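Letter by letter, the chains look like this.
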Amino acid sequence: MAESISSIGALLKKTRQDKELTLEEISQLTRIREKYLVAIEADNWDALPSSVQQKGFVRSYARALELDPGPLLLELRSILQEDDLEVDLEESQEPDQRSDGEVSVSAAPSLMKEIGQVLKDQRKKLGFTISNVAEQIYIPERYLEAIEAGHLEELPSTVQGKGMVKNYAEFLGLDPEPLLLSYADVLQSRLEARREGIPETPDRSPIAIWFRRFLASPTLLWAGIVVLIGTVSLWAGLLIFGGAGAGSQATATIPGVADILVPTSSPTNTQAAPVTTPGDIEVAISPTVEELPEGEVDLATTPTPGLTGNEKIQVQLVILQRTYVRVIVDNILAFEGRLLPGSVKLFGGELSIEVITGNAAGVEVIYNQQALGVMGLFGEAVDRVFTAEGIATPTPTITLTPTPSDTPEASRTPTPTQADGAE
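Note that this is a predicted model, so its numbers are computed, not measured.

Enquirer: Help me understand the overall build of the protein, please; the structure alone is not making it clear to me.
Expert: Secondary structure assignment for the protein yields 15 helices and 9 strands. Across the 423 residues in the protein, those meeting the buried criterion constitute 30%. For the protein, the accessible area works out to roughly 28,300 Å², and carbon and sulfur atoms hold 56% of it.

Here's what the structure looks like:
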């Protein structure tokens, strides 16, 4: 069998290519770095850390490709010029089984003992005791002794054991990577020993391999993004163009703000039937339209001056009760008439805005975006002037003087007259 193998690396590489597997996938299956896989396929055995890693990597690589590792290990032994072929044949039985069917876990202790022996020899070469090492790297002595003796079960956990081996090797000036690789082989052997009785998974078909590659590639992610963008664009287009007609019809039936706030003043011919209860006196009420005095105009007849937004003075009047309002903007009459509850008027000027009302409780003032509340009491006539500097109450410029009345003339005092014949 050994003579038929021209090159271990060439055989492994050809088998991998026939199964359409990449080095990255083999690295994921065997937990071996790609650079070591490349060295194995090139038969560059000097690039591997040690002979233990050389045999362990070849064995794991062959098992990942579903090959018998025995002939490959025999060929590797002849290349490395080692004589203990029987030990390799016993260790190469897959999956580490003896002839009687029991799981062999001797490979794991031997690897762990080899790790401990390397650390122990280096420690003695440097003249350190276990106590000296424990004081420097803060690892209890019992764990250091367990590592040197190869007793993995005495360590707190496999993860902590890996860290202890790494720190121990770095402290002794050794390269921790080969030791950590051997430690990983120990854990792998223990894991395989615990899988006794678990049925093996069926071989992966080429379709399953392709599907796994497809899921791992970014093509699926980009395809999902494109589908998501297309779905959102289609949905937005349906909302914008498909619902335009229905939106316009629904908007046409919504009443305006002016229709709600300002009731119409035109009388209607239909009257609601009065609701009466027994014992009440029915009174006929006919709607009447209030006639405005001469010279006054209603809200609908007097337009609100337009604003540019750059005025120094802005006054907004919110009508709470029916009232008469007169507004003079920059000495020009801007509005005069009666306003209904719910009306809102906005005025803007540069010099002054004078507001005169006959019912101060019915007018709420917002001056330069500041709510001032109502102007006064119910039925109170108020005249206020709003300027850029503040609010002022104008003083009357004309004083009424009483009209003088005519002074009555003094009546003459009658003089006595003598009677005729009296002397």
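Enquirer: So what exactly am I meant to see when it comes to the packing of aromatic side chains here?
Expert: Here a ring pair, both rings aromatic, is described through the centre-centre distance and the interplanar angle of the planes. Counting across every chain of the model gives 3 aromatic pairs. Ring centres 5.4 Å apart and planes at 45° place the aromatic pair Tyr-367 and Phe-386 in the tilted group. Of this pair, Tyr-367 sits in strand β6 (residues 363-367) while Phe-386 sits in strand β8 (residues 382-387), and the two are 19 residues apart along the sequence. Residue classification places Tyr-367 among the buried residues on the basis of a relative accessible area of 8%. Taking relative accessible area as the criterion, Phe-386 reaches 0% and is therefore assigned buried. Just above the ring of Tyr-143 sits the side chain of Arg-142; from NZ or CZ to the centre is 4.6 Å.

Enquirer: Looking at this structure, I do not really get unusual backbone geometry. What am I missing?
Expert: Peptide bonds are mostly trans, and most non-glycine residues show a negative phi. Residue Arg-31 is not a glycine yet carries a positive backbone phi of 65°. Tracing the chain through its elements places Arg-31 in the loop between α2 (23-30) and α3 (34-41). The phi dihedral of Gln-369 falls on the positive side, at around 65°, and the residue is not glycine. Counting through the fold element by element, Gln-369 comes out in the loop between β6 and β7 (370-374). With a relative accessible area of 65%, Gln-369 lands in the exposed category.

Enquirer: Before we go on, may I ask you to explain the pairing of strand β5 (residues 352-357) in this structure?
Expert: If a strand is regular, its side chains alternate between the two faces of the sheet. Of all 6 residues that make up β5, 5 are buried, and the element is covered over most of its length. Direction of pairing for strand β2 (residues 323-329) relative to β5: antiparallel, over a ladder of 5 bridges. If you follow Val-327 over to β5, its bridge partner there is Val-355.

About the thresholds
Residues numbered from 1 in each chain as written. Predicted model: local features only at pLDDT ≥ 70, side-chain atom pairs only at ≥ 80, totals over all residues. Heavy atoms only, no water. Helix = DSSP H or I, 4+ residues; strand = E, 2+ residues; numbered from the N terminus. Buried < 20%, exposed > 50% of the residue type's maximum accessible area, 1.4 Å probe, protein only. Areas by Shrake-Rupley, 256 points an atom, 1.4 Å probe, with all protein chains shown as cover. Phe/Tyr/Trp six-rings, centres within 6.5 Å; stacked < 30°, edge-to-face > 60°. Lys NZ or Arg CZ within 6 Å of the ring centre and 35° of its normal. Pairing = 2+ DSSP bridges.

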